[in-house]
Amino acid sequence: MVDTTAVNRNRWTIGSCASALVLAVALTAGCSSPATTSPDGPPGVNVNGVGEVQGAPDTLTTQIGVQATAEDVTAAIEQANAAVTEVTDAVIAAGVAREDIQTQQVSIDPQYSGALPGGTSAISGYQATNTLQVTVRDLSKASAVLGDATSAGGNATRISGVSFKIDDDSELITDARSRAFADARDRAEQYASLAGGELGDVLSITESITGQEQPTSFRDSASFDTAVPIEPGQQTVSVSVSVKWALN
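Residues numbered from 1 in each chain as written. Predicted model: local features only at pLDDT ≥ 70, side-chain atom pairs only at ≥ 80, totals over all residues. Heavy atoms only, no water.

Colleague: How would you sum up the sheet that holds strand β6 (residues 199–210)? Please name residues and give values.
Modeller: Strand order in this open sheet of three strands is β1-β8-β6, and the pairing throughout is antiparallel. Two strands in the sheet have a free side with no partner beyond their single neighbour: β1 (44–55) and β6. For this sheet the average axis-to-axis angle between neighbouring strands, irrespective of direction, equals 20 degrees. As paired elements, β6 and strand β8 (residues 235–247) share nine bridges and run antiparallel to each other. Looking at β8, one finds that Thr210 is bridged to Ser238. (Pairing = 2+ DSSP bridges. Helix = DSSP H or I, 4+ residues; strand = E, 2+ residues; numbered from the N terminus. Axes fitted to C-alpha atoms, helices over the stretch in contact; angles between N-to-C directions.)

What follows is the structure in structure tokens.
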């Protein structure tokens, strides 16, 4: 014989548990927030954009130096001083302003003769070096400046580090910056659309600028009898931006 009291009691217990479970779910749903904020901030889209603009360089910067070797320090210095004075005068005569000539390096180094195996090297003389940084602001004179400088310094002349730049590239940077931001915004709008949202306020902008100086190879030089050919070409100013927008 079945105990109906026990069965009814079990049914009541199961039913009560099911009701309690439904009530708990309902309470949980009622207390949940409709939107949550990420620990990293509001949802957003972060993209990179690039803008490039070309312009003609109008300034040349180079290192023009002289080297002199003599048996004693005094003679080496005097020879280097005389040579660098000749180079400076020639550069100024070629059209470079004196304020655009700056001493970059002055050094004196001992020179050693070869030693026999097991022996020690002996000082055979001294080498004096004097290097100028020269800025040519009129590129039509750059070829003559380099040629005249090397002719004046003779075999002691050394030229290195030739580079071109645009003296005032603010307008190019402004143009490149506008292009970079427009590029970033186009990308961001596409991503926002794909995500089913739209762009909000700009949250951050990071910028990087390159191409403000264009180095060119130029071997160390002996003397030149004629002007040195110069081809400045074109220079590209590039602005890269990383922009983050809020995503609504």
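Colleague: Tell me about the side chain of Thr135, residues and numbers included.
Modeller: The residue Thr135 is located in strand β4 (residues 123–136) in this model. A relative accessible area of 10% places Thr135 in the buried class. Sequence-distant contacts of Thr135, that is, excluding residues within four places in its chain, are made with Thr59, Leu60, Thr61, Val96 and Asp100. (Buried < 20%, exposed > 50% of the residue type's maximum accessible area, 1.4 Å probe, protein only. Contact = heavy atoms within 4.5 Å.)

Colleague: Give me the lowdown on the environment of Ser140, citing residues and values where you can.
Modeller: Its place among the elements puts Ser140 in the loop between β4 and α3 (142–153). The spatial distance from the C-alpha of Ser140 to the C-alpha of Thr59 is 10.0 Å, given a sequence separation of 81 residues. Here the side chain of Ser140 touches Asp138 through a polar contact of 2.6 Å, side chain to side chain. (Polar contact = N/O pair within 3.5 Å; in protein donor to acceptor, adjacent residues only side chain to side chain.)

Colleague: Break down the pattern of salt bridges for me, citing the residues and quoting the values.
Modeller: Where charged atoms of side chains with opposite charge meet at close range, the side chains can pair. With the rule as written, the count across this model stands at six salt bridges. The closest approach of N and O atoms between Arg177 and Glu207, which form a salt bridge, is 2.5 Å. Here Glu207 lies in strand β6 and Arg177 lies in helix α4 (residues 170–194), a separation of 30 residues in the sequence. For Glu207, a relative accessible area of 39% corresponds to the partly exposed category. Close ionic contact of Arg187 with Asp183 constitutes a salt bridge, the shortest N to O distance being 3.2 Å. Of this pair, Arg187 and Asp183 both sit in helix α4, four residues apart, which is roughly one turn of that helix. Within this structure, Asp100, Arg137 and Asp167 form a network of salt bridges that share partners. (Salt bridge = Lys/Arg side-chain N within 4 Å of Asp/Glu carboxyl O.)

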